[in-house]
Every structure is written in structure tokens, then in C-alpha cells.
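Fold and geometry: a report
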Amino acid sequence: MKYDLIDRNLFINNRKNFAAQMKPNSLAVFNSNDIYPVSADSTLPFAQHRDIFYLSGVDQEESILVIFPDCPKEKHREILFLKETNEHIAVWEGEKLTKEKAFETSGIKTVYWLQDMEKIMFELMTQCDTVYVNTNEHYRANVETETREDRFTKWLKDKYPAHSVAKSNPILQRLRSVKDPIELALMQKACDITEKGFRRILNFVKPGVWEYNIEAEFMHEFLNNRSKGFAYTPIIASGNNANVLHYIENNQQCKAGDLILLDVGAEYANYSSDMSRTIPVSGKFTDRQKQVYNAVNHVKDEATKLLVPGTLWEQYHVEVGKLMTSELLGLGLLDKADVQNENPDWPAYKKYFMHGTSHHIGLDTHDYGLLHEPMQANMVFTVEPGIYIPDEGFGIRLEDDVVIQDSGEPFNLMRNIPIEVEEIEELMN
């Protein structure tokens, strides 16, 4: 891995917290992701399943974690099954985890090779009543591919049909949404790498550069700072491209007088950052661009203050809608009649700001978190209002990642990334 070894106490505590939520005499199983084929002998780069990583720190394929707190054999209360490493694998693919390295990474003492899994699982299943399977229940999930986890669950249910089945996901949704201090430090590192990329492109952008040139500058900086690269597909949207919310082609030339909407973030140690900034190609905003920019920035600052323990996600977005409506009236984009006659299910402000303001962020860019439950301290949210005006040829979105505090305003992990108009203009010139 490119990243530094993570303190294994994070994973030890995560397993302890998960086990505390399990039913008596139950067992939970977590699988690595597949390596997905492209065609011929080509594959996509491996990306670890976030749940097994969260609970073990293991970041390689063909790995299985078992948690069985009430197991009669103490050594079987936590088990890793790993792909056996050997000299041939080391030569052709590079070193895999040894049993010793797996313990150093995860804090798990009992490590078996994968070839022994079915035999050991038979013993474990005779000793438990309930098995926790890991399903994807994220509110944005839309998965068409059968995963390694899915195949394992089918095998387990077919082989052991008399066991009760429970779901890991509701436990993980709650646990993963509240970050440990070690996680917050890793997320800060990801945000700091993103900052370096942004400062790099402020010195690079000028009329005539291409969107993909900017993408390349970010990638250069990210890789040089031990990141695998982008936490999600980057958006480098100049001019009217900014009015396409998920514009990812990044293949147009940047023209003098236009704005560029940048929605990019580095990953670090599988943790995401998620930043949006909007900058002028020529290094200076027009008066109108500045007016809209400051309106978006004001909504972002005021929305951030609403992220406190006890806040409900749905009500928060209603309040942000009121802030945005006020700004759009000031900009002359809405008038009072628009607001008075608005459809409550699609308020007037949605014409210019049609997406949500915040989402959980962590191991996933759109991270785990149950949206019907009140916000808590140490949850991390994005704050990303925008105003999109196709008729004027530009769109503006600004976004930071913030940590909810026990009291007071959230802590901004992107507090050092330039955002004010004057600072951006000064750095670009």
C-alpha cells in the first residue's frame, strides 16, 4: 500500500464496537471485494470492500473476516482467512500478507489460509445460532453486479439453512457514521493532499488549457503525496459544462472569461475527501460572477452552522432551502411571485440549486449513515451548495468537509483550502 501503516487500535476498537451490538451466540462474516475483469486478461485496479477494511485493516483480495464473540474456543472469536502467500506469488504479484503481517495490521492473532475456510467454518457454524451476513443497504446503492459477498452469502445460506440470519449493515451504518480520532486524522490527511492539488492548479490555470490538463495536475500532486488518486471520478467543468451536475468528460478547452467548477478529492488510506471550488480561467471574476460566488459562499457558511448534534438531515435541507431562496431573490434570479406560487414538493430555489447540500463522508465518498437519525458529534459531512445558471453560461459550487462537534460550529477539515474571492484571485495572479 502507498499509505503509512494505520494504528491497529482503530480496527481492534471497531471490532469490539461491532461485537457489542451482536445477538448472543452469533457469528458475523465479511468478505473482500472481487478483482473485476475488463476483458482478455485485463482487470480493474483492486478496491477493498470498505466494511472488511473498517473492521480489520486488511487491504487485499480473497480475504474473509469472522467475528464470533461467544465462541467456546477463545482463539476463534476473531479469525482472518487469507490467500496463502508463497515465493511464486511474491515474484509475480508482489508480497501478500503473511500471518505475522496480518496481525501487525489488524490485531487479529488467529489467521488461517483460505483453503481451510470451509473446514473451520463447519466447526464454527455448529457452535452458533445466528449468522450475520453483509448486505449493501446504502440509500444510494444501485448494484447490478453479483459481488463476492453476495456469492458467499448464497453459499452460507444453502449449506447451513437451519441458522437464523441477521444483517450487519444496520450496525455498520451507525458505527461507521461516527468517526474515531484515528479516522479523522486520516481524513485530514486526504483533505491536506487535496489542498496541495488545488494550490498547484491555481498556478497552472490560464486561458487555453484543457480540462484534462487540470485533471492531470491534480493526479500528479495526489500520487506524489501517497494517495492512490481521486476518491471519486473528478469533475473539471468549464463554462456551461458546470451546469451538468455529473460532468466527467473533462475534454473541453478553458476559455478566457469562463469559470471552472472543480469537484475533486484525494483519497488517502481508503478514506475520501470531497472538495468543490469554482475559479476564473483568466484569474479574475467578473462582477456578476463574484456576486453569485459570494452568494453561494454565504449559503455554505450559514448552512455549516446548522450542522450540530440533534439536527435532522431532512429538516436541515429545508432550512438551507430558505437560505438559498433569500440569496436567489437578492441576485434577481427569483422574484417574490416565484416563491409565493412555488410547489412545496419542488420549491422555487430548485430551479437553480437542484441537489442536496450535505452527505456523510468517510471510507466512502457518500458514506454510511442513517438519514432518519439525528446527527452526532464526530460525524463528518460535506457542505456543498451551488447556483447553476445556464442562461449566463456558468455554474458555481463550493464544498468543504466538516466534523460535527459536541458544541458550537463544526470543525472544517478544509479550513486551509483557499475559498474567498480575493485569495483565489491573488494566488492566480
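Use the structure listed above.
Residues numbered from 1 in each chain as written. Predicted model: local features only at pLDDT ≥ 70, side-chain atom pairs only at ≥ 80, totals over all residues. Heavy atoms only, no water.

**Let's talk about the sheet that holds strand 15 (residues 400-403)**
One open sheet holds the three strands; their spatial order is 12-15-16, and the pairing between them is antiparallel. Only two strands of the sheet have a single partner each, and these edge strands are strand 12 (380-383) and strand 16 (411-412). In this structure, strand 12 lies alongside strand 15, joined through four bridges in antiparallel fashion. Across the sheet, the residue bridging to Thr-382 is Asp-401, located in strand 15. (Pairing = 2+ DSSP bridges. Helix = DSSP H or I, 4+ residues; strand = E, 2+ residues; numbered from the N terminus.)

**Observations concerning helix 10 (residues 287-305)**
Taking 1.5 Å as the rise per residue, helix 10 with 19 residues should run 27 Å; its terminal C-alpha atoms sit 27 Å apart, in good agreement. Among the residues of helix 10, those classed as buried are Gln-289, Val-292, Tyr-293, Ala-295, Val-296, Asn-297, Val-299, Lys-300, Ala-303 and Thr-304. (Expected span 1.5 Å × (residues − 1). Buried < 20%, exposed > 50% of the residue type's maximum accessible area, 1.4 Å probe, protein only.)

**Topic: the layout of surface pockets**
Considered as a void within the structure, the largest pocket measures approximately 1300 Å³ in volume. Residue lining of the largest pocket: 38 residues in total, with Asn-33, Ala-47, Gln-48, Arg-50 and Asp-364 positioned closest to the centre. By residue class, the composition of the lining of the largest pocket is 13 nonpolar, 15 polar and ten charged. Within this model, the second largest pocket holds a volume of roughly 540 Å³. Along its surface, the second largest pocket is lined by 20 residues, and Met-1, Asp-59, Gln-60, Glu-95 and Leu-97 are the ones closest to its centre. Its residues placed into classes, the lining of the second largest pocket shows nine nonpolar, four polar and seven charged. (1 Å grid on protein atoms, 1.4 Å probe; cavity = no way out; pocket = protein on both sides within 12 Å on 5 of 7 lines; lining within 4 Å. Points joined across faces, edges and corners; volume = space filled by probe spheres on them. Nonpolar A, V, L, I, M, F, W, Y, C, P; charged D, E, K, R; others polar.)

**Things to note about the nonpolar core**
Counting 97 residues, the largest nonpolar core has Phe-18, Ile-214, Phe-218, Ile-279 and Ile-387 as the members making the most contacts within it. With nine residues, the single largest contributor to this core is helix 8 (residues 181-202). Formed by 20 residues, the second largest nonpolar core is a distinct cluster that contains Phe-68, Met-125, Cys-128 and Phe-152. (Core = buried A, V, L, I, M, F, W, Y, C linked by side-chain atoms within 4.5 Å.)

**With respect to unusual backbone geometry**
Although it is not a glycine, Glu-62 adopts a positive phi angle of roughly 55°. Within the element layout of this structure, Glu-62 appears in the loop between helix 2 (50-56) and strand 2 (64-67). Judged by its relative accessible area of 28%, Glu-62 is partly exposed. Positive phi, close to 75°, is recorded for Asn-378, a residue that is not glycine. Relative to the helices and strands, Asn-378 is located in the loop between helix 12 (336-340) and strand 12.

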